[in-house]
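Residues per chain, in single letters:
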Amino acid sequence: MDGWASPQPSPACLLLLPPDRSEKRESLIWLHPECHSPKPASLPHVCAVGLDTRRLGCGHGEQRIGTRPVTVDMNMITFFIVGLGVHVVFFISIFDIYFTSPLVHGMSPQRVPLPPPARRLVLFVADGLRADTLFKPAANGTISAPYIRRIMEEKGSWGVSHTHVPTESRPGHVALIAGFYEDVSAVAKGWKENPVEFDSVFNESRHTWCWGSPDILPMFAKGASGDHVYTHTYSTEDQDFASTDASKLDTWVFDKVKDFASTDASKLDTWVFDKVKAFFREARGNDTLLSKLRGDHLVFFLHLLGIDTNGHAHRPMSREYFENVGLVDAGVEEMVSVFEDFFDSDGRTAFVFTSDHGMTNWGTHGAGHPSETLTPLVAWGAGVQTAQRVTSQNFEDQFLQEWNLETLRRVDVSQADIAPLMSSLIGVPIPLNSVGVLPLQYLDNTKLFHAESMYANAVQVLEQFKVKMAQKKETTLSFLFTPYPLLTESNQLDFVRRVRSLIEQGSHDEAIDLCDGMIAEALRGLSYYHTYDRFFLGASVVLGFCGWTSYVVVVILKTHAGLRKPPSPRDLASARSLGRVFLCVGAVISVFLLLQSSPWTHYVYCLLPVPVWYSVFKEFGTVADLIRSAPSLPLSRCLGYFAVVILGIELLVVSFFYRGMLTLGLVVLSGWPIASQLYTQAKVRSLSWVLGCLCLALFPLMPVVGREPNVHLVTCAGVLTLLSTACFMWLSWRRSPLHWRDWRLSVSQMVHVALCAYVLNSTHSSLKLKQGLPIFNQIVSWTTLASSLVVPLLSSTRLFQRLMSILLSLVCTYLLLSTGYEALFPPVLGWLMFVWINIEQEAMHTQGVSTNLELAHIDFSENIDITKIRQLSLDDIRRSYFFVFFIITAFFGTGNIASINSFDPASVYCFLTVFHPFIMGALMMWKVLIPFVIVMCTFETILVSTHLSSRSLFLIVLVISDLMALHFFFLVKDYGSWLDIGTSISHYVIVMSMTIFLMVLSIVSHVLTSRRIHVGWRRKTHFT
Ligand SMILES: [Zn+2]
Ligand SMILES: [Zn+2]
């Protein structure tokens, strides 16, 4: 290595090898202008490759040849475009593999041949009502909903209804009313229109009248066949004041936060109650309406949005939320009397009260926290079992004691079970796509009715299974089709015969058990066929993924090895035959897919691995050569290294689920100087490293959401930044005096930090006094934001001067966007990054790589001495890994953007206090990005100071993130539990976009470190 690390003037300076040897190499041989002699064969070559826009110099004293611009070679551009394409395909594939609509069509409705207990059903949905808010008595013993409590204790049945993620209004209502869990692909379609047609209880009813939000009602009216679902929604002005917008997921925290202080969201509920009263008053004088109302199979649906809106605006622990629950309770009582009056208390009305989803303590919903997935269910009236006293009940949770309901029988259901319950009460067929199981314990009816209802339920689910199987059979080659073994045709016939005979014999309980078992089996069979192609598609995508990663590894090895042996004719011949083989494979796959009449996306997933693996195999000879010719690396050491890296990657994967793992990782990292014996050479730096890691390790342990703002911590962060900057300036002043201009800039930046800390304090105290946001503060905030990426460009390009300027500038913005401990994150991260740069330099020394420049004297804008660009070593894998690790830490250190729940509107109060989702979202995004930029700039510095080309290291980063993405591909969940579907998708998305994102960021950080704006008259001077 020394041969080129300390350059001697040589006739030909360097040779740049393109990654692909088949390219014309002549164009890339760079000669010193003064030494045109041909390149001697023995010259140590240098592989300087990269997206570097930096000029390259040869190190020949003062003369630099780097005046010719380095053209980013075409190969590299193709490489990145192909890489981008491959990643996009991998990303989209999860929607085809995991999230396809489960719905099938063509089933026939199943009726129960017995008269139903109720002629009409009233469904109350209190949007966003948590189970515990309704059931739990307050500390002083008062109940938020006394009327509903009375019903539970006297004449109704109750339980907890468990919803699925995403806990949103639309999927919640679909589960309640249509009985199935909407697939996540609906997310992509915006929730607004019906992505697929579906049947519902409303559709099966004779007439349904709905009152409520314009976001929910139309989808059921639209899905219904014929003209029998009547909707009454708020007028435009009312909508305005409710400011609901279902076209977006309403988890968006800011949604609906608009100026609620002045208006009262519970008006939404009053509106519904008033409309219902008016409706019945009008009905008395309207004969057509009256005759409709006298009929049976009727549904009345009251959608009460006020609780949800108040929950978003004031959070569920607020007085407003509780008062709204009280208002709904009184409204329900009034409604019941309206119905009883109108129908002369004929005892044929059934009532169901529930909610579509709950809400977290901080006023959001969408994820799988118990506060979001547990909703109340209370049913009473015709056909519903009255309150049952029990002595003991077995539930794993402690709610019964908390709610003081130990002696009242509790029957829990899945949200989709409510649809069959409602169908059964009014005697309409269960919605065709329902996967719900009738909760018999809610019914007060004969055993015969129970058995017949369960039988209808079982046949209805079985119908879906049959249709699904027929569909799959049609599109699969017959010799490849494996039917679901536990539900053959004879099994099904047998089941029908046995249930019928059991019912005839009067063994109703046995019949019910049999039906129960059949429903479970049919549901398993449904999911079997639904996921039938999953293995095949998944395997293709994984094959493509592995191929791509192998290809990147091959590219790294090739650039690293820089083999110069031209391809022999034998190689060319074998490459040609290899091409033919892969062409055949591609043709076979296409024919196969054609026979199965697969959709075009399947062609993409299945054919993609072919060219990718072809490229890998084509290079196989080169790699084999390389391995043979590189005995310098002991295999055991390499393997050990890889084992450690794989373990590290695992740790990163787990940290996506448990942020605490980052703490563990940082603690392990803090031991690095000791493990690598750097400690003996650089005691102070090692100690700072350990301290920095341990301080940073505290952040992932802090709570992300639901914490109170703490402005004092933000002030602390400002003071900490100022102190450490002052220390650093004093130290560097003693070593080499600063130019007065840089001095002036640094001081003004420090003043700026102090100003921002002050602005934050004054904004919060002013808001606390309800005096609004002072205009001065707003101006300062926006100016800080706008200047944050420009000011560093004014500073000196000397390494630490520039880095400090970037850090100060970013910290200013971050302080303004902080509300608590997270403000300390950038200063601590900045400190650790500073130590990292220093310690990497030390690591270079210990490896015997001579560096004749001292860190403090490195200038970002200087030409890179190309003779010093070194080859990759095993240690660079560690550097890349550190980088990925710190990027992930920057991501999850203070929050978890994988969960939308972690946004706190309070953090943008310095900029605006009026509801504006896009600006707020952009500001939050920038807050998330700031730690990224810090890490990225550090990485850029390390590339410069350790003489590495950015591309080689970037390729290693690519391999690491691809390995992580592969992991998350397997971890994508399509079923809802607390293991959130949304989180699993966003993990995958985060890792996938990370690579693309890093590319963009690396350009930003390159510009941020190396460019300088010169203001005024001064000529450009370089520090030498
Ligand atoms: Zn809702
Ligand atoms: Zn909501």
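Note that the structure is a prediction, hence the values are computed from the model and not measured.

## Structural notes on the overall build of the protein chain
Here is step 1 of the chain: When its secondary structure is counted, the protein chain shows 38 helices and twelve strands.
Here is step 2 of the chain: The contacts of the protein chain with a sequence gap of at least 6 include a subset with a gap of at least 24, amounting to 81%.
Here is step 3 of the chain: Summing over all exposed atoms, the protein chain offers an accessible surface of approximately 43500 Å²; the carbon and sulfur share of this is 63%.

## Here's the deal with the coordination of the zinc ion (ligand 2)
Octahedral six-donor coordination of a metal ideally yields angles of 90 or 180 degrees, compared with 109.5 degrees for tetrahedral four-donor coordination.
Here is step 1 of the chain: The zinc ion (ligand 2) binds to the protein through Asp 308 (OD), Asp 308 (OD), His 312 (NE2) and His 365 (NE2); the donor distances cover 2.0 to 2.4 Å.
Here is step 2 of the chain: With four donor atoms in place around the zinc ion (ligand 2) and angles of 56 to 149° between them, the coordination shape is irregular.
Here is step 3 of the chain: Taken in sequence order, the residues that donate to the zinc ion (ligand 2) follow the motif D-x3-H-x52-H.
Here is step 4 of the chain: A separation of 4.4 Å is found between the zinc ion (ligand 2) and the zinc ion (ligand 1). Here His 312 and Asp 308 lie together in helix H12 (residues 306–314), a separation of four residues that amounts to about one turn.
Here is step 5 of the chain: Given a relative accessible area of 0%, Asp 308 falls into the buried group.
Here is step 6 of the chain: The class of His 312 is buried, set by a relative accessible area of 5%.

## Topic: the coordination of the zinc ion (ligand 1)
Here is step 1 of the chain: Distances from the zinc ion (ligand 1) to its protein donors, Asp 127 (OD), Asp 127 (OD), Ser 169 (OG), Asp 356 (OD) and His 357 (NE2), fall at 1.9 to 2.8 Å.
Here is step 2 of the chain: Ordering the donors of the zinc ion (ligand 1) by residue number gives the pattern D-x41-S-x186-D-H.

## With respect to the packing of aromatic side chains
Here is step 1 of the chain: This structure, assessed with the given rule, holds 63 aromatic pairs.
Here is step 2 of the chain: Measuring from centroid to centroid gives 4.8 Å for Phe 280 and Phe 342, while their planes differ by 55°, and the two rings are tilted. Placement of the pair is Phe 280 in helix H10 (residues 267–283) and Phe 342 in helix H13 (residues 319–342), with a sequence separation of 62 residues.
Here is step 3 of the chain: It is Arg 410 that lies over the ring of Phe 395; its NZ or CZ is 3.9 Å from the centre.
Here is step 4 of the chain: One cation-aromatic arrangement involves Lys 927 over Tyr 814; the distance from NZ or CZ to the ring centre is 6.0 Å.

## Some details on the nonpolar core
Here is step 1 of the chain: Counting 140 residues, the largest nonpolar core has Trp 689, Trp 836, Phe 883, Phe 886 and Met 964 as the members making the most contacts within it.
Here is step 2 of the chain: Examining the composition of this core, we find that 17 residues originate from one element, helix H36 (residues 917–945), more than from any other.
Here is step 3 of the chain: Residues within four places of Phe 886 in sequence aside, it is in contact with Leu 666, Leu 669, Trp 689, Leu 832, Met 833, Trp 836 and Val 935.
Here is step 4 of the chain: Counting residues in each nonpolar core, the second largest holds 65 residues, with Phe 301, Ala 382, Ile 519 and Ala 522 among its members.

## Brief notes about unusual backbone geometry
Here is step 1 of the chain: Backbone geometry places His 297, a non-glycine residue, at a positive phi of 55°.
Here is step 2 of the chain: If you trace the backbone, His 297 turns up in the loop between helix H11 (287–293) and strand E8 (298–304).

## A word on the sheet that holds strand E5 (residues 156–162)
Here is step 1 of the chain: Strand order in the open sheet made by the eight strands is E7-E6-E8-E4-E9-E10-E5-E11, with mixed pairing throughout. For this open sheet the edge positions go to strand E7 (229–233) and strand E11 (413–414), each flanked by a neighbour on one side alone.
Here is step 2 of the chain: Taken together, the five bridges between strand E6 (residues 207–212) and E7 define a ladder with parallel strand orientation. Among the inter-strand pairings, Cys 210 is bridged to a residue of E7, identified as Thr 231.

## A word on the pattern of salt bridges
Here is step 1 of the chain: A full pass over the atoms with the stated rule returns 21 salt bridges.
Here is step 2 of the chain: Across the pair Arg 500 and Glu 452 runs a salt bridge, and its minimum N-O distance is 2.8 Å. Taken together, the positions of Arg 500 in helix H18 (residues 489–505) and Glu 452 in helix H17 (residues 447–474) put the pair 48 residues apart, joining distant regions of the chain.
Here is step 3 of the chain: For Arg 500, a relative accessible area of 26% corresponds to the partly exposed category.
Here is step 4 of the chain: Judged by relative accessible area, Glu 452 falls into the buried class, the value being 8%.
Here is step 5 of the chain: Among the charged side chains, a salt-bridge network with shared partners connects Glu 840, Asp 876, Arg 878 and Arg 879.

## Examining the confidence of the model for the protein chain
Here is step 1 of the chain: Here the protein chain shows a mean pLDDT of 78. Residues at 70 or above account for 79%.
Here is step 2 of the chain: Segment residues 1–73 is flagged for pLDDT under 50; beyond a separation of four residues in sequence, or across chains, it makes 133 contacts in the model.
Here is step 3 of the chain: Ignoring residues within four places in sequence, the model shows residues 236–262, a span with pLDDT below 50, making 70 contacts including any to other chains.

## Quick word on the environment of Val 644
Here is step 1 of the chain: Following the sequence through the fold, Val 644 ends up in helix H25 (residues 635–657).
Here is step 2 of the chain: Once the C-alpha coordinates of Val 644 and Arg 878 are considered, the two residues, 234 residues apart in sequence, prove to be 9.4 Å apart.

## Section: the side chain of Thr 725
Here is step 1 of the chain: Its place among the elements puts Thr 725 in helix H30 (residues 711–735).
Here is step 2 of the chain: For Thr 725, a relative accessible area of 6% corresponds to the buried category.
Here is step 3 of the chain: Each residue touching Thr 725, except ones within four places of it in the same chain, is listed here: Met 750, Met 804 and Leu 808.

The rules behind each value
Residues numbered from 1 in each chain as written. Chains lettered and ligands numbered in written order. Predicted model: local features only at pLDDT ≥ 70, side-chain atom pairs only at ≥ 80, totals over all residues. Heavy atoms only, no water. Helix = DSSP H or I, 4+ residues; strand = E, 2+ residues; numbered from the N terminus. Contact = heavy atoms within 4.5 Å. Areas by Shrake-Rupley, 256 points an atom, 1.4 Å probe, with all protein chains shown as cover. Donors = N, O, S within 2.8 Å, 3.2 Å for Na, K, Ca; no water. Tetrahedral: all angles 85-135°; square planar, octahedral: opposite > 155°, others 65-115°. Buried < 20%, exposed > 50% of the residue type's maximum accessible area, 1.4 Å probe, protein only. Phe/Tyr/Trp six-rings, centres within 6.5 Å; stacked < 30°, edge-to-face > 60°. Lys NZ or Arg CZ within 6 Å of the ring centre and 35° of its normal. Core = buried A, V, L, I, M, F, W, Y, C linked by side-chain atoms within 4.5 Å. Pairing = 2+ DSSP bridges. Salt bridge = Lys/Arg side-chain N within 4 Å of Asp/Glu carboxyl O. pLDDT = per-residue confidence, 0-100.

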